[in-house]
Amino acid sequence: MNKNVDERQQAIRDEVKAFAEKEMYPISRELDEMPEPRKFPRELYRKLGDAGYIGFVMPSEYEGQGKSSLEYITSVEELCYHDAAIGLLAAVAELATHPIIHFGNDEQKKKYVPDCAMGRRIPAFVLTEPNAGSDAASLTTTAVETDDGYVINGEKTFIMHGDVADLGVVFCKIEGKPKLSAIIVETDQPGWEARTLRNKMGMRAATTGHILLKDVKAPKENLLGEVGRGFRYAMSTLDSARVGVAAQGVGIAQRALDESIAYAKKRIAFGAPIAKLQAIQWMIADMAVRTEAARALTYKAAMMQDRGEKFSVEAAMAKLYASEAANFCVDRAMQIHGGYGFIGEFTQIEKLYRDQRVLEIYEGTSEVQRLVIAGNVIGR
Ligand SMILES: Cc1cc2nc3c(=O)[nH]c(=O)nc-3n(C[C@H](O)[C@H](O)[C@H](O)COP(=O)(O)OP(=O)(O)OC[C@H]3O[C@@H](n4cnc5c(N)ncnc54)[C@H](O)[C@@H]3O)c2cc1C
């Protein structure tokens, strides 16, 4: 791994490595290859919570670890180095709890954040709909205000942990108000119907759900922040989450690089290790450069977030670059490994290939990141 890190980051890397060796590697393959319908790994999720990785960046007053964004993304990078799908389990909790921590009131935080931080309850970030992905503002889930609270109807899809969540931050339009609002919904309410999506290409340890909301009730006190501010809350949450996705990309890219170097040194062709071939060396050099550049952009965005600066554009740059760097590095790693890369029985490369692909899709596609960046550098 990169040696040029400060001591706190190195300590996090060492701790995650020890956790990975004890808790992740023994079940990594089993989780990836689990037959359908997949089961959410609750025991591992609790262990991630007990070890502090679920609540790593959540405030310590709510049972989180109170770490900085830079420390958090170091933990995500390292978890994803060892198994990206397991790293995603922790990252989803941050995504889904972020709106409550940043836009919720004290009662909401006290009620929901400690359990989410410790992995006792599973939260979900419930924005995307079958007909509203990139264009989130066009979503059609509605909430009708009654004397008792809200009655919510709609359909959501691609929701990480949506199939098993105990609570969801549901983005919807309150009747009579054209702009999005956000409501915390407890999923044991009648009318919340969720199923696990099947045949997911990668990131299989973390399940993804499709949700029908049929007259689901939420009390008035579960409105998050103010009516009509939901889009802003969602975008602000995604800014933060994009730095996390960038960290997932850095971890995957580094793993692909390390695996490739090790393999190139031991694989003999034409009487010498393939690492002696310039064709292989150049691929490894390109991978090393992209991994370091992705890391630098990711750390920069995290440090800006820690300093309280506006970091939306830097988050988009980091997410765009690191997800494409992961794609590049895993593709080159497969080339370097030849047939042993393509057949998952022999190496990690086939799993890395499947796991990395979604990084360019979720939490804003690469095209959407380019829109954000261009809008900023060119001006609208
Ligand atoms: C595994 C997984 C987990 C996810 N987890 C969550 C979650 O926890 N919560 C949640 O709410 N959502 C989640 N999502 C949804 C994800 O954020 C969306 O899939 C993503 O935002 C893209 O939306 P879409 O799939 O509807 O594609 P579309 O928006 O239909 O886009 C299709 C294509 O058109 C392009 N496109 C769209 N608009 C433009 C434009 N203006 N300019 C240029 N190109 C454009 C896109 O980039 C893409 O290439 C998840 C998705 C996946 C696959």
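Everything here concerns the structure above.
Here goes a summary of the coordinates provided. (Residues numbered from 1 in each chain as written. Predicted model: local features only at pLDDT ≥ 70, side-chain atom pairs only at ≥ 80, totals over all residues.)

**Some points on the packing of helix H8 (residues 312-337) against helix H10 (residues 349-356)**
Here is step 1: Put simply, H8 and H10 touch, their axes get as near as 9 Å, and they point 160° apart. As the angle between them shows, H8 and H10 are arranged roughly antiparallel. Our pair here, H8 against H10, has a crossing hand that is left-handed. Between H8 and H10, the contacting residues are Ala-326, Asn-327, Val-330, Ala-333, Met-334 and His-337 on the first element and Ile-349, Leu-352, Tyr-353 and Gln-356 on the second.
Here is step 2: Taken together, the residues of the contact of H8 with H10 sort by class into seven nonpolar, three polar and no charged. (Axes fitted to C-alpha atoms, helices over the stretch in contact; angles between N-to-C directions. Helix = DSSP H or I, 4+ residues; strand = E, 2+ residues; numbered from the N terminus. Parallel < 35°, antiparallel > 145°, perpendicular 65-115°, else oblique. Left-handed = near helix turned anticlockwise from the far one by under 90°. Contact = placed C-beta atoms within 7 Å. Nonpolar A, V, L, I, M, F, W, Y, C, P; charged D, E, K, R; others polar.)

**Notes on the site of the ligand**
Here is step 1: Looking at the ligand, there are 19 residues lining it, with Leu-127, Gly-133, Ser-134, Thr-365 and Glu-367 nearest.
Here is step 2: When contributions to the shell around the ligand are tallied by element, the ones reaching two or more residues are strand E1 (123-126), strand E3 (149-160) and helix H11 (366-378).
Here is step 3: The residue inventory of the shell around the ligand, partitioned by class, reads 11 nonpolar, six polar and two charged.
Here is step 4: The two domains that each donate at least three residues to the shell around the ligand are domain 2 (123-228) and domain 3 (231-378). (Near = placed C-beta within 6 Å. Domains from an automatic or database assignment.)

**Observations concerning the nonpolar core**
Here is step 1: If you look at the biggest cluster of nonpolar residues, it comprises 119 residues, and the most contacted ones within it are Ile-152, Ile-183, Ala-246 and Val-330.
Here is step 2: Among the elements that take part in this core, helix H6 (residues 230-266) stands out by supplying 15 residues, more than any other.
Here is step 3: Non-local contacts of Ala-246, meaning those with residues more than four positions away in its chain, are made with Ala-294, Leu-297, Thr-298, Ala-301, Ala-318, Lys-319 and Ala-322. (Core = buried A, V, L, I, M, F, W, Y, C linked by C-beta atoms within 7 Å. Buried ≥ 20, exposed ≤ 12 C-beta atoms within 10 Å, placed from the backbone.)

**With respect to unusual backbone geometry**
Here is step 1: The step from Glu-36 to Pro-37 runs through a cis peptide bond, and the omega angle for that step is -5°.
Here is step 2: On the secondary structure map, Pro-37 appears in the loop between helix H1 (7-32) and helix H2 (42-50).
Here is step 3: Positive phi, close to 50°, is recorded for Met-203, a residue that is not glycine.
Here is step 4: In this fold, Met-203 is placed in the loop between strand E6 (192-196) and strand E7 (208-219).
Here is step 5: When the 28 C-beta atoms within 10 Å are taken as the criterion, Met-203 is described as buried.
Here is step 6: You will see that Asp-215, though not glycine, has its phi angle at about 55°, which is positive.
Here is step 7: Examined against the element boundaries, Asp-215 turns out to sit in strand E7.

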